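As a plain string of letters, each chain reads:
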Amino acid sequence: MTSANLFGAACWASDVRRKKVHDTITQSSSLLKELTEEFSPCAEENTPGLRLMDRYQERVSFITFDPKEENALPRRRNLLNNAYAQAKGDQSKVCCGVDCSIPKRASHQAVASFVIEQAGHDHLASSWVAGKVLSADAELFAIRMAVCKVVLLENCHHIIVFTDSMAMARRAVDPSVHSGQAHSLAVCKALALWFSSSEDNKVEFIATPSKLEWGLQHAAHHCARSLPPIPMGRRPATSLDAMRRRITDSALDSWTTMFRDKSYRGHHFLPLVETKGTDVAPKYAGGGSWLKFVGEEVNHAPIGDYYRRFNIPESYACSCGAERQTREHLFTRCPNLDTNRRTPKLVKELVGYLQKNPLAFGFKPPSDGIG
């Protein structure tokens, strides 16, 4: 049965039936009713050639931060202090610090805040309720409110935004369909109009690590935390990514609970523990080596022992000449591989084995002339 069939079945199922079924498709269908976010795939700001970055890419800059650099934090503090000091003496430059606050309790809403300073003017600070969203969505909301406010200020030709999320800074000028697209469209529309008013206008996003607790960005953080907890209400604003997170977390919770049952887990599962000795819980990840990692854990990798158990017409022997190609053989005895002394028990042991033997537990290469 395909995902389309499952989705159709979920849509036609009665409410009573849906409450008894626990799967991703059914949960997604039910939670869609709570999604308040709207999308505009055909928005004018998203038209190729008319997008903000198509027309004004040279006026939008991103100063990223690499935490692995030597003395990264002290050097970044110096950069931030210099940028702020230069802006304080120039009325045409406006500095914005943005941040958000995510409540500890699920019954409360997130908050987005900004603090704006311009030479010769009183500073502006504001906080907004963001709804039932993730921190990334709330940060994007804060950037939107700050930018839309700053472009209305007189004698402003250079906007400097201090944010601890460069991913959301880039998303703010991306009008394509994504979680929080409405915020991005508002930013793109405001900046496009502002750029067209003067060739000197430009905007700069500077990565400001929250660990520094620096200046305007930290002030915005305090501004966001200053609001009392705001209850969700009957129908709070929600985002697509927040809905995805809820569905994923629910699936993981169910999976973890069922995984404790040996009859569900099966007898061929490779038990692994973390370095601290805790059992490895089921997790989700996308593609790549993770698929091979899972295949080895559940013994469903394309090897001889798997072919034998499921009566697949493939050779059960190993390429080294061993009569049976089992998981234990590949881990500990195969002369064609860099084997270990024992079957891996720690996650880092299995990861290390995969790194040394990237072709182990993989599909056989096609015969000559095929593919």
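A quick note: this is a predicted structure, and the numbers were derived from the prediction, not measured.

*Asks:* In this structure, what is going on with the side chain of Asn357? I would like to understand it.
*Replies:* With respect to the secondary-structure elements, Asn357 resides in the segment after helix H15 (347-356). Using a relative accessible area of 5% as the deciding quantity, one classes Asn357 as buried. If sequence neighbours within four positions are ignored, Asn357 has contacts with Leu337 and Asp338.

*Asks:* Explanation requested: H15 in the structure shown.
*Replies:* An α-helix turns once per 3.6 residues; consequently, residues spaced three or four apart project the same way. Val347, Leu350, Tyr353 and Leu354 are the residues of H15 that are buried. All buried residues of H15 lie within an arc of 130° about the axis, which places them on one face of the element. In H15, the exposed residues that point more than 90 degrees away from the buried face are Lys348 and Gln355.

*Asks:* Explain the pattern of salt bridges to me, please; I cannot follow it from the model alone.
*Replies:* Side chains that carry opposite charge are capable of pairing whenever their charged atoms lie near each other. The final tally for this structure, using the stated rule, is nine salt bridges. Across the pair Asp54 and Arg51 runs a salt bridge whose closest N-O atoms are separated by 3.8 Å. A salt bridge links Glu69 to Arg75, with the nearest nitrogen and oxygen atoms 3.9 Å apart. The exposure class of Glu69 is partly exposed, given its relative accessible area of 41%. A single salt-bridge network, built from bridges that share partners, covers Arg171, Asp241 and Arg244.

*Asks:* Which parts of the structure should I look at to understand the packing of aromatic side chains?
*Replies:* Any aromatic ring pair is given by two values, namely how distant the centres are and how the planes are angled relative to each other. Scanning all chains against the criterion turns up eleven aromatic pairs. On the numbers, 6.3 Å between centres and 70° between planes, the contact of Tyr353 with Phe361 is edge-to-face. Among the residues examined, Phe361 registers a relative accessible area of 5% and is labelled buried. In textbook terms, an aromatic cluster arises when at least three aromatic residues are bridged by ring pairs, as seen for Tyr56, Trp194 and Phe195. The side chain of Arg170 reaches across the aromatic face of Phe62, ending 4.5 Å from its centre.

*Asks:* Sorry if this is basic, but what is going on with the layout of surface pockets here?
*Replies:* Picture a little ball the size of a water molecule; that probe, rolled over the atoms, points out where space is still empty. Of the pockets and cavities examined, the second largest pocket occupies roughly 380 Å³. As for the second largest pocket, its lining consists of 17 residues, and the residues nearest its centre are Ser319, Gln325, Leu359, Gly362 and Lys364. Among the residues making up the lining of the second largest pocket, the classes are represented as twelve nonpolar, four polar and one charged.

*Asks:* Would you take a moment to explain a nonpolar patch on the surface for this structure?
*Replies:* The grouping of Trp255, Met258 and Tyr264 at the surface amounts to a nonpolar patch, some 300 Å² of accessible area in total. With respect to the secondary-structure elements, Tyr264 resides in helix H11 (residues 262-265). Residue classification places Tyr264 among the partly exposed residues on the basis of a relative accessible area of 41%.

*Asks:* Any chance you could explain unusual backbone geometry here in plain terms?
*Replies:* Outside of glycine, negative phi angles account for most residues, and trans bonds account for most peptide bonds. Residue Asn155 is not a glycine yet carries a positive backbone phi of 60°. Residue placement: Asn155 occurs in the loop between helix H6 (135-150) and strand E5 (158-163). At Asn311, a residue that is not glycine, the phi angle is positive and equals roughly 55°. By secondary structure assignment, the location of Asn311 is in the loop between helix H13 (304-309) and helix H14 (327-332). The exposure class of Asn311 is exposed, given its relative accessible area of 66%.

*Asks:* I keep staring at the sheet that holds strand E2 (residues 93-101) and nothing clicks. Help me out?
*Replies:* Strands pair in a sheet through their backbones, by hydrogen bonds, and they do so in one of two ways: parallel or antiparallel. If you trace the six strands from one edge of the open sheet to the other, you get E1-E6-E5-E2-E3-E4, paired in mixed fashion. Looking at strand neighbours, the two that pair on one side only are strand E1 (60-63) and strand E4 (124-131), the edges of this open sheet. Across the sheet, the axes of successive neighbouring strands diverge by a mean angle of 20°, strand direction being ignored. Where strand E3 (residues 110-118) and E4 come together, seven bridges link them in antiparallel fashion. Residue pairing in the sheet places Ser113 in a bridge with Ser127 of E4. Sheet contacts for H6: E2, E3, E4, E5 and strand E6 (202-207); angle to E3, the most-contacted strand, approximately 30°. Those strands touched by helix H9 (residues 215-226) are E2, E3, E4 and E5, and its axis lies near 40° from that of E2.

*Asks:* Even after reading the chapter, I still don't get H9, so can you show me in this structure?
*Replies:* Taking 1.5 Å per residue as the helical rise, H9 with its twelve residues ought to reach 16 Å, and the 16 Å between its terminal C-alpha atoms agrees with that figure. Every buried residue of H9 is accounted for by Leu216, Gln217, His218, Ala220, Cys223 and Ala224. Buried-residue contacts for H9 involve helix H5 (72-88), E2, E3, E4 and E5.

Cut-off values and rules
- Here, residues in each chain are numbered from 1, in the same order as that chain's written sequence.
- With pLDDT at 70 or above as the cut-off, local features in this predicted model cover only qualifying residues; side-chain atom pairs require 80 or more to be listed or tallied, and sums for whole chains, interfaces and linings still use all residues.
- Computation of side-chain values covers all heavy atoms of the structure but excludes hydrogens and water.
- Numbering of helices and strands runs from the N terminus, with a helix taken as a DSSP run of H or I at least four residues long and a strand as a DSSP run of E at least two residues long.
- The buried label goes to any residue with under 20% of its type's maximum accessible area, the exposed label to any with over 50%, and the partly exposed label to all in between, with areas taken from a 1.4 Å probe on protein chains only.
- Whether two residues are in contact is decided by their heavy atoms: any pair within 4.5 Å suffices.
- Along the arc lie the directions from the helix axis toward the C-beta atoms.
- Any carboxyl oxygen of Asp or Glu that lies within 4 Å of a side-chain nitrogen of Lys or Arg is treated as forming a salt bridge with it.
- Two aromatic rings from Phe, Tyr or Trp, using only the six-membered ring of Trp, form a pair when their centres are within 6.5 Å; if the ring planes differ by under 30 degrees the pair is stacked, by over 60 it is edge-to-face, and anything between is tilted.
- Whether a charge sits over a ring comes down to the Lys NZ or Arg CZ being within 6 Å of the ring centre and within 35 degrees of the ring normal.
- Cavity: a set of points on a 1 Å grid over the protein atoms alone where a 1.4 Å probe fits but cannot get out. Pocket: an open set with protein on both sides within 12 Å along at least five of seven lines, its lining residues, like those of a cavity, having an atom within 4 Å of a point.
- Grid points are joined across faces, edges and corners, and a volume is the space filled by probe spheres set on the points.
- Ten residues, namely Ala, Val, Leu, Ile, Met, Phe, Trp, Tyr, Cys and Pro, are considered nonpolar, four, namely Asp, Glu, Lys and Arg, are considered charged, and the remaining ones, Gly among them, are considered polar.
- Only residues whose relative accessible area exceeds 30% and that form no salt bridge enter a patch; like-charged residues are grouped when within 9 Å of one another, and nonpolar side chains (Val, Leu, Ile, Met, Phe, Trp, Tyr) when within 5 Å.
- Residue exposure ignores everything except the shown protein chains as possible cover, and the areas themselves are Shrake-Rupley values with a 1.4 Å probe.
- Any two strands with at least two DSSP-identified bridges between them are counted as paired.
- Each axis is a line fitted through C-alpha atoms, and for a helix only the stretch in contact is used; angles between axes span 0 to 180 degrees, taken between their N-to-C directions.
- Multiplying one less than the number of residues by 1.5 Å gives the expected span of a helix.

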